[in-house]
Amino acid sequence: MNNKKQRLFTGIQPTGSLHIGNYLGAILPAVNRQDEYDSFLCVVDLHSITKPYEPKDLRDQIKGVVLDYIAGGIDPDKSTLFIQSHVPQHCELMWLLNTITPVGELQRMIQYKEFKERFKEPQGGILNYPILMAADVLLYKGEAVPVGDDQTQHIELMRDLAKKFNRMFGDTFPIPKNTIQNPLRIMSMHDPDKKMSKSLGPKSYIAISDNPDTIRKKIMSAVTGTDIAMTAGTKNLFTLLEQVAPKDTYNHMYEKFENKDLQYSELKAVLADYMVEFVKPIQEKRAELENNLDYIASILAEGSERARKIASETIEEVKQKMGLM
Ligand code: TYM
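Residues numbered from 1 in each chain as written. Predicted model: local features only at pLDDT ≥ 70, side-chain atom pairs only at ≥ 80, totals over all residues. Heavy atoms only, no water.

*Asks:* In this structure, what is going on with helix α13 (residues 293-321)? I would like to understand it.
*Replies:* One turn of an α-helix holds 3.6 residues; hence residues three or four places apart share an orientation. End to end, α13 covers 42 Å across 29 residues, agreeing with the expected 42 Å (1.5 Å per residue, within 8%). Burial in α13 covers these residues: Ile296, Ile299, Leu300, Gly303, Ser304, Ala307, Ile310, Ala311, Thr314, Ile315 and Val318. Among the residues trailing α13, glycine 323 stands out with phi positive, at a value near 80°. (Helix = DSSP H or I, 4+ residues; strand = E, 2+ residues; numbered from the N terminus. Expected span 1.5 Å × (residues − 1). Buried < 20%, exposed > 50% of the residue type's maximum accessible area, 1.4 Å probe, protein only.)

Now the structure itself:
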């Protein structure tokens, strides 16, 4: 690994099966950049426990995301793959950044507001969630943070905290940014005014692990409208088609749409065929990896060792600058 490369960091919560929004929004962009950047791919288990969860299932879910990263194209020989809670410095830097974060900024976060709405009395973890996310990236002096559009506000806070720290204690952190020019927001198949999300239930999302029949059913019954028109649902189908089909196919379908010569059934059938093909190699690779868990364990051991080394150097520098040494 070349240390002169800029660092990339992205994280995924182990909250169940990965959906196509996670894959297209974050994993694939990271896969496409792993030669360009010194990449850190993290399973953010400490973030996932801010929501109600089953402790007995967490271990398997964490393993699941590790398998998804590798099956999805992350090459452990090029990139550092690890689990957030295996590197205690994430929490340490979070506390240090906590001391310079205005509470008002945290209360403005959409995610926090949504939780407040849903659970009435959210725990401190959900309020402080974005500080831990900032710590994740800044610990490695990450510059590139490929994430979906839903994370824009969190990235803004991360940038503000890096700038504020540099102003208060001296130049320390590069200012990270989302390196995806038009971050994706894949919408729910079932309710296309909302983003695709596990919390909306399996009808809303296409899981990377869905079998061909399920994928076809979900796409064929996607909510669009009756007459062909650019509704939120149609736009979502075109966004997905653009991601999983060859450019020519996308252009051809789009032209037919513009000429009012396209039926939803045709658009959906074409998308379903390409989607099934798109996830197939990921599913095959994942099945192979399931039988090779020793290999996974060794990758994680190596990954967290490398992560801890860099993390402890940053913590030492930060503590010194803050007068704590
Ligand atoms: P999480 O696990 O909710 O989502 C993981 C990634 O998937 C993207 N994503 C989507 N992209 C497009 N369309 C969608 N419908 C969609 N749904 C999810 C998310 O934007 C994300 O990139 N807070 C982060 C995890 C995190 C993190 C970090 C990310 C923790 N620390 C540091 C980057 C850097 C999250 O909510 O992940």
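Past the structure itself, the notes keep going.
*Asks:* Any chance you could explain the state of the cysteines here in plain terms?
*Replies:* Joining two cysteines, a disulfide is a covalent bond between their sulfur atoms. Per the counting criterion, the structure on display carries 0 disulfides. As a non-bridged cysteine, cysteine 42 has cysteine 91 as the owner of its nearest cysteine sulfur, 11 Å distant. Accessibility expressed as a relative area gives 40% for cysteine 91, which makes it partly exposed. (Disulfide = S-S within 2.5 Å.)

*Asks:* What is the right way to read the domain arrangement of the protein chain from this model?
*Replies:* The accessible area lost on association of the parts is a frequent measure of interface size. Here the protein chain is partitioned into domain 1 (7-184 + 292-322) and domain 2 (198-287). Between domain 1 and domain 2, the C-alpha centre-to-centre distance is 29 Å. Counting from both sides, the interface comprises 19 residues of domain 1 and, opposite them, 16 residues of domain 2. Summed over both sides, the interface of domain 1 with domain 2 buries roughly 1500 Å², with 65% coming from carbon and sulfur. Looking only at domain 1, the three residues that lose the most surface to domain 2 are His19, Ile20 and Ala71, adding up to 35% of its buried area. Between domain 1 and domain 2 we count 1 salt bridge in total. In this structure, aspartate 68 and arginine 286 form a salt bridge, with 2.7 Å as the shortest nitrogen-oxygen distance. On the surface where domain 1 and domain 2 come into contact, there are 5 residue pairs in polar contact (both at pLDDT 80 or more). When contributions to the side of domain 1 that touches domain 2 are tallied by element, the ones reaching two or more residues are α1 (20-33) and α3 (55-71). (Domains from an automatic or database assignment. Contact = heavy atoms within 4.5 Å. Buried area = accessible area lost by both parts, 1.4 Å probe. Salt bridge = Lys/Arg side-chain N within 4 Å of Asp/Glu carboxyl O. Polar contact = N/O pair within 3.5 Å; in protein donor to acceptor, adjacent residues only side chain to side chain.)

*Asks:* Mind showing me how you'd approach the sheet that holds strand β3 (residues 80-83) here?
*Replies:* Sheet strands pair by backbone hydrogen bonding; their relative direction is either parallel or antiparallel. Here 3 strands make up an open sheet; going across it, the order is β1-β2-β3 and the pairing parallel. Of all strands in the sheet, those bounded by a partner on one side alone are β1 (7-12) and β3. The mean angle between the axes of side-by-side strands here comes to 20°, regardless of whether they run parallel or antiparallel. Two elements, strand β2 (residues 38-43) and β3, share 4 bridges in a ladder whose sense is parallel. Directly across from leucine 41, in β3, lies its bridge partner leucine 81. (Pairing = 2+ DSSP bridges. Axes fitted to C-alpha atoms, helices over the stretch in contact; angles between N-to-C directions.)

*Asks:* Is there a simple way to explain the nonpolar core in this structure?
*Replies:* Within the largest apolar cluster, 59 residues are counted, with the highest numbers of intra-cluster contacts made by Ile20, Leu24, Tyr69, Leu241 and Met275. If one sorts the elements of this core by residue count, helix α12 (residues 264-290) sits on top with 10 residues. The two domains that each donate at least three residues to this core are domain 1 (7-184 + 292-322) and domain 2 (198-287). Every residue in contact with tyrosine 69, bar those within four places of it in the chain, is listed here: Thr10, Gly11, Ile12, Ile27, Leu41, Cys42, Val43, Ile74 and Leu81. Core analysis: the next-biggest nonpolar cluster, separate from the first, contains 41 residues, Ile100, Val147, Met158 and Ile310 among them. (Core = buried A, V, L, I, M, F, W, Y, C linked by side-chain atoms within 4.5 Å.)

*Asks:* Help me understand the pairing of β2 in this model?
*Replies:* Taken residue by residue, a regular strand's side chains alternate between the two faces of the sheet. Counting buried positions along β2 yields 6 of 6 residues, so the element is predominantly enclosed. Neither face of β2 is exposed, since Asp38, Phe40 and Cys42 on one face and Ser39, Leu41 and Val43 on the opposite face are all buried. Bridge count between β1 and β2: 6 bridges; the pairing is parallel. Bridge pairing in β2 links phenylalanine 9 to phenylalanine 40. Handedness of the crossover is the feature at issue here: the chain leaves β1, passes through α1, returns alongside β2, and the resulting connection is right-handed. (Right-handed = clockwise from strand over helix to strand, strands pointing away.)

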